[in-house]
Amino acid sequence: MSDSFRSIGYQAETALLELADLLQTGPVLRVYHRFWKPGTECLPGEEVWAISLVHQGREFRLPLTLALRLLLNYLATTRHVPQSATQIAAGIRRSPFCAKHGMNSGICSRRKIARSAIKEYIKRLRTALLVAFREAGLSLDPARVLVSRATAGNEVQYQLVSRIEVVHVSEAD
Amino acid sequence: MEADWHMAAILLANFDEEFRDRLAAFLRVERHSVHVALEPAPLSQLLRRATVDLLIVDVSHRENYVRDLLADLGAHRAKRGPRPSVLGVSRVYRGPRFALDLERKGLRLIYV
């Protein structure tokens with residue numbers, strides 16, 4: 001009987017730690033970069049292949065288009081700073097990673113992301129997050145993961161509150 | 001995301017009396033704050049008394065009650081965030097379909 005209790009105790013601690021992590025740092029998102037060249041890390045030429053939610057050791061893929069993958073990847077890499085739509089559009093436009101996206105495959109898959117489209121893309125990203133949360137049985141509000149932050153003026157800034165894992169997949173894989 | 005620093009509160013539900021009392025005593029020794037549900041009650045009633053971080057529920061019996069509990073829990077967490085987590089304990093092997101079904105509802109299943 002005490003072995004049973006110990007097993008329950010261990011599992012309880014794991015579940016409580018997972019809950020604490022979730023509350024403090026947000027869910028884990030795993031970003032797959034394809035066409036990676038061994039010895040490098042997140043260099044221009046790689047492709048944002050897929051983005052998944054990781055929960056209880058399982059992965060739940062976010063249903064994202066190319067533009068949404070690029071935007072979420074950008075928000076993930078700059079998640080320490082809330083940014084306005086203008087800043088996000090400018091950052092993506094000037095990013096060598098986005099400019100040469102997928103170039104290592106020989107085919108560049110770029111998307112122009114206009115400042116005026118950011119608000120709509122943020123809505124779609126939240127919808128995709130909600131789909132993955134529901135599939136994972138995880139009741140999180142996407143607006144608390146992809147957060148809109150008010151400023152002193154009427155500008156809204158966006159910030160991703162999540163832990164990010166980047167997995168690199170080489171052409172040989 | 002909110003910071004959270006307090007002794008974890010665990011609620012035990014749907015257990016038979018002897019197992020429940022011994023498990024509660026064990027978890028208290030492990031420095032958790034443990035509440036027990038004396039009889040099967042709706043989730044809203046179970047969560048009324050305290051903020052619960054983890055719900056441990058016996059899924060070996062009263063399957064319909066467990067499913068109702070998980071359905072209510074989904075609605076509760078949609079409104080109030082991810083707390084509580086749920087751990088299902090079963091003393092009877094019910095097969096992979098049963099386990100997968102419960103895991104998809106956000107329950108972590110353990111056989112004892």
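For the structure, see preceding data.
Keep in mind it's a predicted model, so treat the numbers as computed, not measured. Throughout, residues of each chain are indexed from 1 in the direction in which the sequence is written. Note on labels: chains are lettered from A, ligands numbered from 1, in written order. In view of the model being predicted, local features appear only for residues whose pLDDT reaches at least 70, and side-chain atom pairs are presented and counted only at 80 or more, with totals across whole chains, interfaces and linings using the full set of residues.

Caption draft 1: Up close: the overall build of chain A. Strands here mean DSSP runs of E at least two residues long; helices mean DSSP runs of H or I at least four residues long; both are numbered from the N terminus. What chain A contains, in helices and strands, is 5 helices and 7 strands. Reading chain A from its N end, one meets helices and strands in the order α-β-β-β-α-β-α-α-α-β-β-β. The dimensions of chain A, computed from C-alpha atoms along their principal axes, are 60 × 50 × 25 Å. Within chain A, counting contacts between residues at least 6 apart in sequence, those at least 24 apart form 63% of the total. Whether two residues are in contact is decided by their C-beta atoms, placed from the backbone, lying within 7 Å.

Caption draft 2: Structural view of the sheet that holds strand 6 (residues 156-160) of chain A. All names here are of chain A. Pairing between two strands requires that DSSP report at least two bridges joining them. Read from one edge to the other, the open sheet built from 3 strands follows the order 4-6-5, with strand pairing classed as antiparallel. Only two strands of the sheet have a single neighbouring strand rather than two, namely strand 4 (83-84) and strand 5 (146-150). Looking at chain direction, strand 5 and strand 6 are connected through 5 bridges and run antiparallel. The residue of strand 6 that forms the bridge with Ala150 is Val156.

Caption draft 3: Seen up close, helix 5 (residues 118-135) of chain A. All names here are of chain A. With 18 residues, helix 5 should reach 26 Å at 1.5 Å per residue; the first-to-last C-alpha distance of 26 Å fits that figure. Residues with at least 20 other C-beta atoms within 10 Å of their own are called buried, those with 12 or fewer are called exposed, and the rest are partly exposed. The C-beta atoms themselves are positioned from the backbone. All of the buried residues along helix 5 are Ile118, Tyr121, Ile122, Leu125, Ala128, Leu129, Ala132 and Phe133. One side of helix 5 holds all its buried residues, which, seen down the axis, span an arc of 140 degrees. Exposed positions of helix 5 whose direction lies more than 90 degrees from the buried face are Lys119 and Glu120. Here the buried face of helix 5 lies against strand 2 (47-55), strand 3 (58-61), helix 2 (66-77), helix 3 (85-94), strand 5 and strand 6. Downstream of helix 5 by a residue or two, Gly137 has a phi angle that is positive, lying close to 70 degrees. Helix span is expected to be 1.5 Å times the residue number reduced by one. Comment: arc refers to directions from the helix axis out to C-beta atoms.

Caption draft 4: The arrangement of the nonpolar core in detail. For our purposes the nonpolar core covers buried Ala, Val, Leu, Ile, Met, Phe, Trp, Tyr and Cys residues that link as a set through C-beta atoms within 7 Å. Counting residues in each nonpolar core, the largest one holds 35 residues, and the members touching the most others are A:Leu71, A:Leu125 and A:Leu129. At the level of elements, strand 1 (28-36), strand 2, helix 2, helix 3, helix 4 (96-99), helix 5 and strand 6 of chain A are the ones that each hand at least two residues to this core. Broken down by element, this core gets its largest block of residues, 8 residues, from helix 5 of chain A. Every residue in contact with A:Leu125, bar those within four places of it in the chain, is listed here: A:Leu68, A:Leu71, A:Leu72 and A:Leu146. Within the second largest apolar cluster, 31 residues are counted, among which are A:Ala15, B:Val86, B:Leu107 and B:Ile110.

Caption draft 5: Examining the pairing of strand 5 (residues 107-111) of chain B more closely. As paired strands, strand 4 (residues 85-90) of chain B and strand 5 of chain B are joined by 5 bridges and run parallel to one another. Bridging from a neighbouring strand, B:Val89 pairs with B:Ile110 of strand 5 of chain B.

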